[in-house]
Amino acid sequence: MSSYLAGRSDPEVDVAEERATEAEPPPAQRPAKARRPVSRRVEPFTVVSYVGVSFFALLCLIPFWMIIIGSFTAESKLALSGYSFWPSPFSLQAYQLLFTGTALLDGYIATLFITIVGTALSLTTTAALSWVIARRMPGISRPLTVFAYLPMLFTGGLVPLYLLITEVLHLENSWFAVILPNMMAPFLVFVAVTFFRQLPGEILESARLDGAGEARIFFRIVLPLSKPILAVLALFYAVTYWNEWFTALLFLSNPTKFPLQLILQNLIANVMNAAQIPSSAAQAAAPVYQLRLAMTVVTIAPILLAYPFAQRFFVKGLTLGATKG
Amino acid sequence: MQPVGRFGERVRGGTAPASATGSARKAERLRRRARRRAARRGSWVLLLLAAPGVIWFAVFCYLPLVGLVVAFKNFNVSQGIFGSQWDGLQNFQYFLASGDAFTIIRNTLFLNALFLSGSLLTGLVLALMLNEVRLTLFKRAAQSIVFFPYFISPIVISIILQVLLAGVNGQGGAVNDLFGVFDLPQVSWYTTPGPWPWILTIVKMWQLGGYTSVIFLAAITSIPEEMYEAGAIDGASRFRLARSITTPLLGPTLGILVVLGVGRIFFGDFATIYAIVGDNGILFPTTDVIDTYVFRSLLTLGDFGVTAAIGLFQSVVGFVFVTAAVLVQRRLNKESSIL
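Residues numbered from 1 in each chain as written. Chains lettered and ligands numbered in written order. Predicted model: local features only at pLDDT ≥ 70, side-chain atom pairs only at ≥ 80, totals over all residues.

Peer 1: Can you walk me through the overall build of chain B in this structure?
Peer 2: What chain B contains, in helices and strands, is 16 helices and two strands. Looking at the 339 residues of chain B, the share that counts as buried comes to 42%. For chain B, the share of sequence-separated contacts (at least 6 apart) that also reach a separation of at least 24 residues comes to 71%. (Helix = DSSP H or I, 4+ residues; strand = E, 2+ residues; numbered from the N terminus. Buried ≥ 20, exposed ≤ 12 C-beta atoms within 10 Å, placed from the backbone. Contact = placed C-beta atoms within 7 Å.)

If you want it as structure tokens, here you go:
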């Protein structure tokens, strides 16, 4: 916590974010005893709250549990008695099929390319543009603000975008057709602007007096001080790219270029597509439902695994954004 | 020639505008140019930094607006965007005259209203409850877990829903299994359009409840502790504190979220709905929204003119809503507005 907030100087903001992230007030400000009911008896509302929160948390976990379990359950059992909470009979057939074909590898390559290249592009352009807006340059920053804000109010819709990608840029069947339309989120631009404006002005001023140019100030001072917000932006963009399937559905027609989400979407649209995932030799009795669940597991696995470590950044970004519309 | 540039500041004080001769005016001009150049020397770096973002906005947000002329044309790919015949308002008439217009506009408004109230209510209740939880570890874990569905792609949500509602071979599903335990009749969900607005609302509550609660919790932390102390001294129970202190003080936050949500009310949640419903025509009467309709007409009909007309109609009406919402929001909370 303290390590990634080290660059911040505004105590107000730090406290607010720390509270939101840790969800526990600093002890100096709010003695733990004052918060407790005066009488020591257990209040009904507190009990209800624990039960309610646990219930909702369970609702959030159970579907994933069922999918993971289902992916390890033999297809015959799935067909006979439906989904269950424990895999019996245990079966790895779906995963064996998944890992023998090349479709999964292709899907991972596509998704990783879109996510990594996309996030890198998004991060650099967003950070650079946001800094120029945040600099309050006369005659530059304000027009740029309006320029980046108007698309939040009015968009051309689907058809012009489709024509732009296919008729003007000719990006069909390119992963950039998935990356470029999602490259900048105006909302995140303004989250970054809010953060940049809270950077301590004295540091920038002293750098300027020492003769640092705009480029040096941005790369050597602003960016290192902004690691927390860069992490927030990177994570939000990365999740967006990882989950993106709609532009892929529109612009990609070559199955070897499909990202994971689109492969999964094809499995929903037509369960028989599942039979095409494994290599042709194993096609005979493909366990389509089990395969679909296994495919879901491998698609969300990276998010599931990274989430516990990344989660605090999301909360942080959200509270930053929430305070500035 | 008068000294400019470095000494510009000092010289300017000496020239009185009343006695401005030709040479003085020229000097003034040179001075101004020098100052501008000095400002520009630092700012070309900034312009360079902003350039990729500006180009992106120009190409992907502003250039497509030109493409909207297609809405007024009888578009033909071979003739191109500008070569196609003008069509007047025929595309709009075609859309409004078709029976679909009323259905999808009604669905869009109704579903969005349900989604908004459902997710806000869930978030509010969840935040109030999370605020009662004192065990730090439990609270942190619970908060992480309830926030998680927000990061799940619509496709995966659709798979989850099929596990719950359809089961294998379109039979059963977890919910029907549960119904069986209580001797309730089995429902073939994917062929029954009636309950779908509520099913989608539950999905939205599940997906956004934790996300919204984080926003509310952030607002709760800014409520001064003294209020709770005063309440506790007066003998209020924890529930009373939550109801009579926390909830009213969350009003402004709730107001802003409602206003922003109402501003987006004309834009359907395309990804989630299309991922779940797809091309299942049986469910269209209750689930088809403008965005899914536009998408389907583009892919299946291939009629760019009509599709663009629907999109433009949506953008214009949506713009009115969003702008009104932004104006209201700025009045509600001057400090939180962007511009």
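Peer 1: Looking at this structure, how should I read the overall build of chain A?
Peer 2: When helices and strands are tallied, chain A shows 16 helices and zero strands. Within chain A, the fraction of its 325 residues that count as buried is 42%. A separation of at least 24 residues holds for 71% of the contacts in chain A among residues at least 6 apart in sequence.

Peer 1: Which parts of the structure should I look at to understand the confidence of the model for chain B?
Peer 2: Caution is warranted with low-pLDDT regions, since their predicted coordinates should not be read in detail. Of all residues in chain B, 87% attain a pLDDT of 70 or more, and the chain-wide mean is 80. Both scores are given for the predicted complex: the pTM is 0.80, the ipTM 0.78. (pLDDT = per-residue confidence, 0-100.)

Peer 1: Please explain the domain arrangement of chain B as it appears in this structure.
Peer 2: As a measure of interface size, the accessible area lost when the parts come together is often cited. Residues and elements named next belong to chain B. Along its sequence, chain B is organised into domain 1 (5–83) and domain 2 (97–336). Contact with domain 1, which involves six residues of that partner, is made by five residues of domain 2. Looking at the side of domain 1 that touches domain 2 residue by residue, the class counts come to four nonpolar, one polar and one charged. (Domains from an automatic or database assignment. Nonpolar A, V, L, I, M, F, W, Y, C, P; charged D, E, K, R; others polar.)

Peer 1: Whenever I open this one, the interface of chain B and chain A confuses me. Can you help?
Peer 2: Taken together, the contacts link 88 residues of chain B with 93 residues of chain A. Among the elements that take part in the side of chain B that touches chain A, helix H2 (residues 22–67) of chain B stands out by supplying 17 residues, more than any other.

Peer 1: Would you take a moment to explain the packing of helix H12 (residues 251–263) of chain B against helix H16 (residues 304–332) of chain B for this structure?
Peer 2: A pair of packed helices is captured by two measures, namely the crossing angle of their axes and the spacing between those axes. Residues and elements named next belong to chain B. Two numbers describe how H12 lies on H16: the axes approach to 7 Å, and their chain directions differ by 165 degrees. In terms of axis orientation, H12 runs roughly antiparallel to H16. The handedness of the crossing between H12 and H16 comes out as left-handed. Residues Pro252, Gly255, Ile256, Val259, Leu260, Val262 and Gly263 of H12 form the contact with H16, whose participating residues are Phe321, Val322, Ala325, Val326, Val328, Gln329 and Leu332. (Axes fitted to C-alpha atoms, helices over the stretch in contact; angles between N-to-C directions. Parallel < 35°, antiparallel > 145°, perpendicular 65-115°, else oblique. Left-handed = near helix turned anticlockwise from the far one by under 90°.)

Peer 1: Got a minute to help me understand the confidence of the model for chain A in this structure?
Peer 2: Residues and elements named next belong to chain A. Per-residue pLDDT for chain A averages 78, and the proportion of residues at 70 or more is 78%. Below a pLDDT of 50 lies the segment residues 1–34, which in the model reaches 39 contacts outside its immediate sequence neighbourhood of four places, other chains included. Overall, residues 279–284 carries pLDDT values under 50, and its contacts beyond four positions in sequence, including any with other chains, amount to six contacts.

Peer 1: Looking at this structure, how should I read the nonpolar core?
Peer 2: Within soluble globular proteins, side chains that are nonpolar generally end up buried alongside one another. Core analysis: the largest hydrophobic core is formed by 171 residues, its most contacted members being Trp131, Val132 and Ala192 of chain A together with Val70 of chain B. A total of 14 residues in this core trace back to one element, the largest contributor, which is helix H9 (residues 196–220) of chain B. Contact partners of Val132 of chain A, with chain neighbours within four places excluded, come to Met137, Ile140, Ser141 and Leu144 of chain A together with Leu46, Leu49 and Ala50 of chain B. (Core = buried A, V, L, I, M, F, W, Y, C linked by C-beta atoms within 7 Å.)

Peer 1: Can you walk me through unusual backbone geometry in this structure?
Peer 2: With the exception of glycine, most residues fall at negative phi, and the peptide bonds are largely trans. One non-glycine residue with positive phi stands out, namely Asn173 of chain A, at about 60 degrees. Relative to the elements of secondary structure, Asn173 of chain A occurs in the loop between helix H8 (158–168) and helix H9 (176–179). Taking the C-beta count within 10 Å as the criterion, Asn173 of chain A has 12 such neighbours and is therefore assigned exposed. Even without being a glycine, Asp183 of chain B presents a positive backbone phi close to 60 degrees. As for its placement among the helices and strands, Asp183 of chain B is situated in the loop between helix H8 (174–181) and H9.

Peer 1: Is there a simple way to explain the environment of Arg240 of chain B in this structure?
Peer 2: Tracing the sequence through the fold places Arg240 of chain B in helix H11 (residues 238–249). It is 22 Å that separates the C-alpha atoms of Arg240 of chain B and Val214 of chain B, two residues lying 26 residues apart in sequence.

Peer 1: Explanation requested: the environment of Gly261 of chain B in the structure shown.
Peer 2: Relative to the assigned elements, Gly261 of chain B resides in helix H12. Along the backbone, Gly261 of chain B and Arg25 of chain B are 236 residues apart, and their C-alpha atoms lie at a distance of 56 Å.

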